[in-house]
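Each chain is listed here by its residues.
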Amino acid sequence: MKLIDKDALVAEIEKYYNECLRRAKITDSDYWNAKADAYRNVLVILDDTLKVKEVDLNLIIGWFDHIAQIADDRLTLNGERMTDGQALIEIKCLAKDSSEFIKKWYPEGE
């Protein structure tokens, strides 16, 4: 899935929309008014349908850093030492929760 910058897309379309409005005022042409209406309709559709997703890379990096830290020193966030088995269970839970979060909020194909 490739993400696009919605703000950049909207800004580019608004630029064309405003140019059409400017030309419509100068020429009093139905052509430029119709073209401006088309751009306005595209902006409405984009606003109604495109979802903006902010990827918090620091959050995701933090998850991996925490998993690496548990594998390295077997300490919980409050400093208690875990057995190897407890550390593996904790790593498994963190990995599963992280995976479920990413699948829920960043599904493929959207």
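Structure: see above.
How each quantity is defined
- Residues numbered from 1 in each chain as written.
- Predicted model: local features only at pLDDT ≥ 70, side-chain atom pairs only at ≥ 80, totals over all residues.
- Heavy atoms only, no water.
- Helix = DSSP H or I, 4+ residues; strand = E, 2+ residues; numbered from the N terminus.
- Buried < 20%, exposed > 50% of the residue type's maximum accessible area, 1.4 Å probe, protein only.
- Expected span 1.5 Å × (residues − 1).
- Contact = heavy atoms within 4.5 Å.
- Axes fitted to C-alpha atoms, helices over the stretch in contact; angles between N-to-C directions.
- Parallel < 35°, antiparallel > 145°, perpendicular 65-115°, else oblique.
- Left-handed = near helix turned anticlockwise from the far one by under 90°.
- Nonpolar A, V, L, I, M, F, W, Y, C, P; charged D, E, K, R; others polar.

Our next topic: unusual backbone geometry. If you check the backbone angles, Asp28 has positive phi at about 50° while not being a glycine. For Asp28, the location among the structural elements is in the loop between α1 (6-27) and α2 (30-49). For Arg74, which is not glycine, the phi dihedral falls at a positive 55°. With a relative accessible area of 28%, Arg74 lands in the partly exposed category.

So, about helix α3 (residues 57-73). A rise of 1.5 Å per residue sets the reference length of α3, with its 17 residues, at 24 Å; its end C-alpha atoms lie 24 Å apart and thus fit the reference within 8%. Looking at the buried positions of α3, the neighbouring elements they touch are α4 (84-105). Looking one or two residues beyond α3, the residue adopting positive phi is Arg74, at roughly 55°.

To continue, consider the packing of α1 against α2. Two elements in contact, α1 and α2, have axes whose closest approach is 8 Å; the angle formed by their N-to-C orientations is 160°. Taken together, the axes of α1 and α2 lie roughly antiparallel to each other. As α1 packs across α2, the resulting crossing turns out to be left-handed. Touching Lys6, Leu9, Val10, Ile13, Glu14, Tyr16, Tyr17, Cys20, Leu21, Arg23, Ala24 and Thr27 of α1 are Trp32, Asn33, Lys35, Ala36, Tyr39, Arg40, Val42, Leu43, Leu46 and Asp47, all from α2. Of the residues assigned to the contact of α1 with α2, the class counts are 14 nonpolar, two polar and six charged.

All we've got here are geometric facts, nothing functional implied.
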